[in-house]
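A closer look at the structure
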Amino acid sequence: MLALARLPGAHLALLLSLGLTGAGLAGLEARVDVPPELVRGGTAVLEGEVERVDHFEDSTRLQLAVARAGLKAESTVEARFRASVYLRGSPELLLPGQRVRVEAKLQPLEPPSNPGEKNFTAIRKRQAFAFSGSITAGRVLVLSSASGWQRYIARTQAELSAAVRRVAPSEDAAAFFLTLAAGQRAALDDELEEAFSRSGLAHVLSVSGLHVAALALMTLALLRRVLVRGGGRFRGLEARRVAAPASVPFVWAYVVFTGNQAPAVRSAVMATVVLLGLALWRRADGLNSLSTAALVLVIWSPSSVVDLSLQLSFLAVLSLLLLTPAFRAALPIAPPDPQEERLLMRWLGKGRETILETLCASAAVTLASVPLVASSFGRASLAGFVSNIVCLPLCGLLTGFAAGGAALFTVSPLLATPVLWGGAWVSELLLILTRFFAAVPFATVKLPLFGPWLTALFAIGLATWGLGVGRWRLGGLLAPLALVAAMLVPVFAPQAPLRITFLSVGQGDSVVLSSRGHHALVDGGGAPGGADTGTRYVLPFLNHEHIDRLELAVLSHPHPDHALGMISTLGQVPTQRLWLPAGTTEGDLSRKLIAAAAGAKVEEVQVGWPTFTLGEATLEVLGPPLPEDRELLEGVNDRSIVVLVRHGAVTVLLTGDVEEAGEEMLLDRLGPVTVLKAPHHGSRTSSTEPFLERTRPRYVVFCVGRRNRFGFPHPEIFERYRERGTECFRTDLDGAVTLESDGRDVRLHGYLPREEGPSEPTLAPVARHPQP
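Owing to the predicted nature of the structure, the values given are computational and were not obtained by experimental measurement. (Residues numbered from 1 in each chain as written. Predicted model: local features only at pLDDT ≥ 70, side-chain atom pairs only at ≥ 80, totals over all residues. Heavy atoms only, no water.)

1. Regarding the overall build of the protein chain
Our working rule: Here a helix means four or more residues in a row that DSSP labels H or I, a strand means two or more in a row labelled E, and each is numbered from the N terminus. Whether two residues are in contact is decided by their heavy atoms: any pair within 4.5 Å suffices. Calculation of accessible area relied on Shrake-Rupley with a 1.4 Å probe; when residues are assessed, cover is drawn exclusively from the protein chains displayed.
Counting its regular elements, the protein chain contains 25 helices and 24 strands. A fraction of 67% describes how many contacts in the protein chain between residues 6 or more apart in sequence connect residues 24 or more apart. Of the roughly 36900 Å² that the protein chain leaves accessible, carbon and sulfur atoms contribute 60%.

As structure tokens, this is what we get:
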């Protein structure tokens, strides 16, 4: 490879080979050995080493490298896997490096259940994670203490956190500063992370190459100045030769103190190569440094090749090295004249050049990462082109405060206080700018998904333009052609006559209806005190399906498991109309939903409401009943909006959470239906014999959560459908269930493959039946 070093693309080939090597070695790192009795999870005793501790407001997350496991402490056997478990209670005694024995409730890592949902499970499994779970503080036994340096780091981080919070102007400023000073990103809330993402400053949120590089440069400059002033023999280049290697321990101390994050390790390796090169009077080559960093990471942690932040970090450095000079050369603006004698003009020229280089760098990083960002986030930040120019000087200053404050704190907390105060206020200023750029119109733009072929064409186009000369640079046209093709694919994709997707949102309902490019949403799921189902499931699905606006949103009834996810969804996806059950607009959930759906026409609907047309389908409101009949219904469930969807000969009944009384009110308006969403998740208080006798569904979909505490669907109700020959689908087992209709035939399939067993019915993954 050294013989080919001068050939264009040789370094890229080396980096690609190292990436493939890491991917291969990651398979060995991902090998797990789980005792057979624990494969399906449940309560187990785990013994192993604490690798990482993340503190949250009301809990602590532990990453355990398990060495022994079993159903009981006396029956544990050798094992090899990782588990991520949450601890409620006092976490003071737990530190990385300790060996512990815990009793935990384990759940196997499960694949995503909906199209568009982030597949964190695949990444975690490559890191040898097999379970997530929870433990209580009283079921933790510490078998050995952490090493002295680990205890020192944990104690110092805790004291630093308390000191920063005493001088910070706000909790957000303290959390942000501690992210950079101690690697404590867990303290950041979702709203703040979203603001950084929209503003194009997400790279600031983790200890990355930017911060390590800034620290290396500042440390080098500071040590060089100290040495120059320390004696004549250190003046000039001699001082640099001494200061450069002396800076390396400071860089690595910062990386270790902030948690050995993969992008920081990458940058530290590159900085080490550069600094040692300066000591030897050798000019460092960026691609050689990057290749060295790749080699170190492949040896140190092969699974890091699948780490998204590391992938973005390598892409950013590659684009800075290969594309930024080409972009700057393409601008019809001459660089400043170094012979300019007028001081003001020289300063103006340098300032203009700095802005142009920052713009070119930002454009290079943004373009190079488009396919990866599109597949991971579905959008890119346009605000980043300006925000990076404004904020990067502050980011460099903040890095100095963070690293310097942490280092000085280890010597004297009193002397460090002014530095921590300054860093906290710089953090506050940066937060103000971040929120401003996140709020500007068109801060982000949606990106289409790139397939493997379009991704390859895009990458070849950028590489050809950045490395090529003469006619070879025309290959750069492949990049915009690939981007245009990716944008046109969803536009010219055939629109389904009718597609209804029952999303798997845990214990709750969320249904998306699409017909010839027209879309509606019925409910959004929700878990009080849990993850936001709108952000986690509904919005990723809508992005996956290229749905950026709705014609109709329907809240079947104002209960959290139907409304909470809808509030966050309608806050980002506009809708023309919002249907609420008659008489429910004054409730707290309804008011929040109406506020989120700003601009929508809010309508309180009941039986007899005019039929709504959605593409080729129609939506007929069958419930709730009129006021005089609603007075006879005691529960909110029975006052749910019930919608009958018609598409030719195909009918789909969406029942909300009606129970026995509500079903009885519907009988006179019902007939046989093709597909039924099981009322109230298949509880014993619903799906009565008269209701099923009247509807006679060919298919039923149970919207239920995995291992839900209610035991839904109730076995008696499940069997009631099976006895009638109804084919059953469940979102806990099948994932999202999709119905496709052309008005004559109907086809249902689950997102997840089914595992048939004697205790479960045989559910065909795809079924097609003609309608009479």
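2. Topic: the sheet that holds strand β18 (residues 650–654)
Within a sheet, neighbouring strands are paired by backbone hydrogen bonds and run either parallel or antiparallel to one another. Applicable threshold: We call two strands paired when DSSP finds no fewer than two bridges between them. Lines fitted to the C-alpha atoms define the axes, with helices restricted to the stretch that makes contact. Angles between their N-to-C directions range from 0 to 180 degrees.
Pairing is mixed across the open sheet formed by seven strands, whose spatial order is β15-β16-β17-β18-β19-β20-β21. Strands with a single pairing partner mark the edges of an open sheet, and in this sheet they are β15 (612–614) and β21 (727–730). This sheet shows a mean twist of 20° between the axes of neighbouring strands, independent of strand direction. In this sheet, β21 lies alongside strand β20 (residues 699–702) in parallel orientation, the contact comprising four bridges. From the neighbouring strand, Tyr699 faces β21, where its bridge partner is Glu727. Helix α24 (residues 715–723) contacts β19 (675–677), β20 and β21 of the sheet and is inclined by roughly 145° relative to β21.

3. Quick word on helix α5 (residues 190–199)
What counts is decided by this rule: Think of it in three bands: residues with accessible area under 20% of the maximum for their type are buried, residues over 50% are exposed, and the middle band is partly exposed, with areas taken using a 1.4 Å probe on protein chains only. Here the arc refers to the directions that run from the helix axis out to each C-beta atom.
For α5, the full list of buried residues reads Leu192, Ala195, Phe196 and Ser199. Burial along α5 is one-sided: seen end-on, the buried residues are contained in an arc of 95°. Against α4 (171–182), β7 (379–381), α14 (384–411) and α15 (413–439) lie the buried residues of α5. Phi turns positive one or two residues past the end of α5, at Gly200, with a value near 80°.

4. As for the environment of Val386
By secondary structure assignment, the location of Val386 is in helix α14. The exposure class assigned to Val386 is partly exposed, which follows from its relative accessible area of 48%. Counting along the chain gives 24 residues from Val386 to Ser362, while the straight-line C-alpha distance between them is 8.9 Å.

5. A few points about the packing of aromatic side chains
To be explicit about the condition: Each pair of aromatic rings taken from Phe, Tyr and Trp, with Trp reduced to its six-membered ring, is defined by centres within 6.5 Å and is described as stacked if the planes are under 30 degrees apart, edge-to-face if over 60, and tilted in the remaining cases.
For the structure on display, the rule yields ten aromatic pairs. Between Phe327 and Trp465 the ring centres are 5.2 Å apart and the planes differ by 45°, which places this aromatic pair in the tilted class. With Phe327 in helix α11 (residues 324–330) and Trp465 in helix α16 (residues 452–467), this pair connects stretches of sequence that are 138 residues apart. The class of Phe327 is buried, set by a relative accessible area of 14%. Judged by relative accessible area, Trp465 falls into the partly exposed class, the value being 23%. Their ring planes at 80° and their centres at 5.9 Å tell us that Trp579 and Phe612 sit as a pair that is edge-to-face. One end of the pair, Trp579, is in strand β13 (residues 575–581); the other, Phe612, is in strand β15, with 33 residues separating them in the sequence. Side by side, Trp579 and Phe612 carry an identical accessibility label, which is buried.

6. As for the nonpolar core
Heads up, the condition is: Side-chain atoms within 4.5 Å link the members of a nonpolar core, which is a set of buried Ala, Val, Leu, Ile, Met, Phe, Trp, Tyr and Cys residues.
Membership of the largest hydrophobic core comes to 37 residues, with the highest contact counts inside it found for Leu160, Phe176, Leu420 and Leu430. Counting residues per element, the ones that place at least two in this core are α3 (148–167), α4, α5, α7 (237–257), α14 and α15. Not counting residues up to four positions away in its chain, the partners in contact with Leu420 are Leu160, Ala163, Val164, Val167, Phe177, Gly405 and Phe409. Formed by 31 residues, the second largest nonpolar core is a distinct cluster that contains Leu614, Val650, Val652 and Tyr699.

7. Describing the pairing of strand β12 (residues 550–554)
What counts is decided by this rule: By convention a crossover is right-handed if, when the strands point away from the viewer, the path from the first strand over the helix to the second runs clockwise.
Of all five residues in β12, five are buried; the element is thus mostly enclosed. Relative to β12, strand β11 (residues 518–522) runs parallel, the two sharing three bridges. What sits directly across from Leu521, in β12, is Ala553. What joins β11 to β12 is helix α18 (residues 533–544), and the crossover it makes is right-handed. Pairing analysis gives four bridges linking β12 to β13, with the strands arranged parallel. Bridge pairing links Leu550 to Thr575 in β13. In the classification by handedness, the crossover that spans β12, the intervening helix α19 (residues 560–570) and the parallel β13 is right-handed.

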